[in-house]
Amino acid sequence: MGELSSYTTWYKVAEVDRTHNLTKAANIINGVMVKPGQVFSFNQTVGPRTGVTGYRDALVIVGDRFEPGTGGGICQVSSTLYNATLLAGLEIVERYNHGLAVAYIPPGLDATVAWGLQDYRFRNNTDSPIYIRAVAGGGKLTITLYGNLAFKKNVKLSYVIDQVIPFQEVRELKPDMAPGTEKVDHNGANGYVVRSFRSYLNEKGEVISSEQLARDHYKPLNKLVFVGPEVPAQGTPKDPPDRDEPKDDPESDPDRPDPPETPDDDTEPGDVNPRL
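Conventions and cut-offs
- Here the residue numbering is sequential within each chain, running from 1 through the sequence in written order.
- Residue-level local features of this predicted model are given only where pLDDT is at least 70; pairs of side-chain atoms are given and counted only at 80 or more, and the full residue set underlies all totals for whole chains, interfaces and linings.
- Hydrogens and water molecules were not included; the side-chain quantities draw on all heavy atoms of the structure.
- Going along the chain from the N terminus, every DSSP run of H or I of four or more residues is numbered as a helix, and every run of E of two or more is numbered as a strand.
- Expected span of a helix: the number of residues minus one, times 1.5 Å.
- The cut-offs for exposure are 20% and 50% of the maximum accessible area for each residue type, with area from a 1.4 Å probe on protein chains only; residues under the lower value are buried, those over the upper are exposed, and the others partly exposed.
- Directions from the helix axis toward the C-beta atoms define the arc.
- As used in this record, nonpolar core signifies buried Ala, Val, Leu, Ile, Met, Phe, Trp, Tyr and Cys residues forming a set joined through side-chain atoms within 4.5 Å.
- Pairs of residues are marked as contacts when any of their non-hydrogen atoms sit within 4.5 Å.
- Side-chain rings of Phe, Tyr and Trp (the six-membered ring for Trp) are treated as a pair once their centres are within 6.5 Å; stacked means planes under 30 degrees apart, edge-to-face means over 60, and tilted covers the remaining angles.
- The criterion is that NZ of a Lys, or CZ of an Arg, lies within 6 Å of the ring centre and within 35 degrees of the ring normal, and then a charge sits over that ring.
- Whether two strands pair comes down to DSSP finding at least two bridges between them.
- Patches in this entry comprise residues that are over 30% relatively accessible and not in a salt bridge; like charges within 9 Å are linked, as are nonpolar side chains (Val, Leu, Ile, Met, Phe, Trp, Tyr) within 5 Å.
- Methods summary: accessible areas were calculated by the Shrake-Rupley approach with a probe of 1.4 Å, and residue burial reflects only the protein chains presented.
- When a carboxyl oxygen of Asp or Glu is within 4 Å of a side-chain nitrogen of Lys or Arg, the pair counts as a salt bridge.
- Only the contacting stretch of a helix is used when fitting its axis, a line to C-alpha atoms as for every element, and angles between N-to-C directions run 0 to 180 degrees.

Q: What's the story with helix H1 (residues 16–29) in this structure? I'm lost.
A: Residue pairs three or four apart in sequence face the same way in an α-helix, which turns once every 3.6 residues. Between its terminal C-alpha atoms H1 stretches 20 Å, which fits the 20 Å expected from 14 residues at 1.5 Å a residue. When we look at burial in H1, the residues that qualify are Arg18, Thr19, Asn21, Leu22, Ala25, Ala26 and Ile29. The buried residues of H1 occupy an angular sector of 165° when projected down its axis, which confines them to one face.

Q: Sorry, what's going on with the nonpolar core here?
A: Proteins that are soluble and globular tend to have nonpolar side chains buried together. Core analysis: the largest hydrophobic core is formed by 39 residues, its most contacted members being Ile29, Phe40, Phe42, Leu81, Ile132, Ile143 and Leu145. For this core, the secondary structure elements donating two or more residues are strand S1 (2–10), H1, helix H2 (42–46), helix H3 (74–87), strand S8 (130–137), strand S9 (140–147) and strand S10 (155–165). In terms of residue count, the dominant contributor to this core is H3 (8 residues). Aside from chain neighbours lying at most four places away, what touches Ile29 is Phe40, Phe42, Thr45, Val46, Val77, Leu81, Ile132, Ala134 and Ile143.

Q: Would you explain the packing of aromatic side chains in this entry?
A: Aromatic ring pairs: the centre-centre distance and the angle between the two ring planes describe each pair. Considering all chains together, one arrives at 3 aromatic pairs under this definition. Ring geometry for Tyr82 against Tyr120: centres 5.5 Å apart, planes inclined by 80°, an arrangement best described as edge-to-face. Remark: Tyr120 occurs in the loop between strand S6 (91–94) and strand S7 (121–123) and Tyr82 occurs in helix H3; sequence separation between them is 38 residues. When its relative accessible area of 0% is taken as the criterion, Tyr120 is described as buried. Stacked on the ring of Tyr55, the Lys or Arg Lys24 has its end atom at 5.5 Å from the ring centre. Lying over the aromatic face of Phe226, Lys174 brings its terminal NZ or CZ to 4.9 Å of the ring centre.

Q: Please explain the pairing of strand S14 (residues 207–218) as it appears in this structure.
A: Remember that side chains alternate between the two faces of the sheet whenever the strand is regular. Of the pairings in the sheet, the one linking strand S13 (residues 191–201) to S14 comprises 10 bridges and is antiparallel in character. Directly across from Arg195, in S14, lies its bridge partner Arg215. Counting the residues between successive antiparallel strands, the hairpin from S13 to S14 contains 5 residues, one of them, Gly205, with a positive phi of roughly 85°.

Q: In this structure, what is going on with a nonpolar patch on the surface? I would like to understand it.
A: On the surface, Met1, Met33 and Tyr131 cluster together into a nonpolar patch covering about 300 Å² of accessible area. When you line up the elements, Tyr131 lands in strand S8.

Q: Sorry if this is basic, but what is going on with the sheet that holds S6 here?
A: Note: strands within a sheet are paired through backbone hydrogen bonds, in either parallel or antiparallel orientation. Here we have 3 strands laid out as an open sheet, ordered S3-S7-S6, and antiparallel in their pairing. Two strands bound the open sheet, and with one partner strand each, they are strand S3 (39–41) and S6. Strand after strand, the sheet turns through a mean of 25° between neighbouring axes, direction not considered. The strands touched by H3 are S3, S6 and S7; relative to S6, the strand with the most contacts, the crossing angle is about 145°.

In structure tokens, the structure reads:
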């Protein structure tokens, strides 16, 4: 008995709830024995991911977005296990890719799980038991498979990106934000069409045989920007009067009544206001 394969992925310890979930799932599969010919089911082994079973809310992929969901983070455990089983030359029975590319593993080499919908399963196609060792700590998740060294393989994993799907910028109105402001909720990431391969090598490192594992489609993650309402338009100030513009001449107004006559020096006796 000895090590057949080992694979490591990394995670952010600061994401406390996600770390809790993946550590819990890793502890459950740690020490599991898979008998010869037996099919290992990730969902049946780990069980449902609910608050009752001790899982917390963390980001999960829903459609083409990351949203909070119970058990977020355990897909890193199933993906790490997937790569360990590939390197051990074991038979893959059921596997699905994420809707979006994930950062902790190369595209085409992930394995998502969802209770009651998507499972990750492999078969022990050797004549000896397979033992799983899964350890999470310090931001490092390592899964090692042990078995009869007579079945140890020299395996190389690879992938080819056939298409890159650019992401777009989506701007979403947030009425509660200050007018004229904006905030980036998350940056974008490209989508891909990817083919993944498993190659078997001889002692010289030469390829003996190769198989295509899958052809996966990953949607782009659009960049999301929240924007506040538009800034209200300011009123246009009135222009001051032009100083060179001629003033209205009261005397030129034909509708203006004539002013009362003013007596002059020649006022005759008997006038109303004679000069005194």
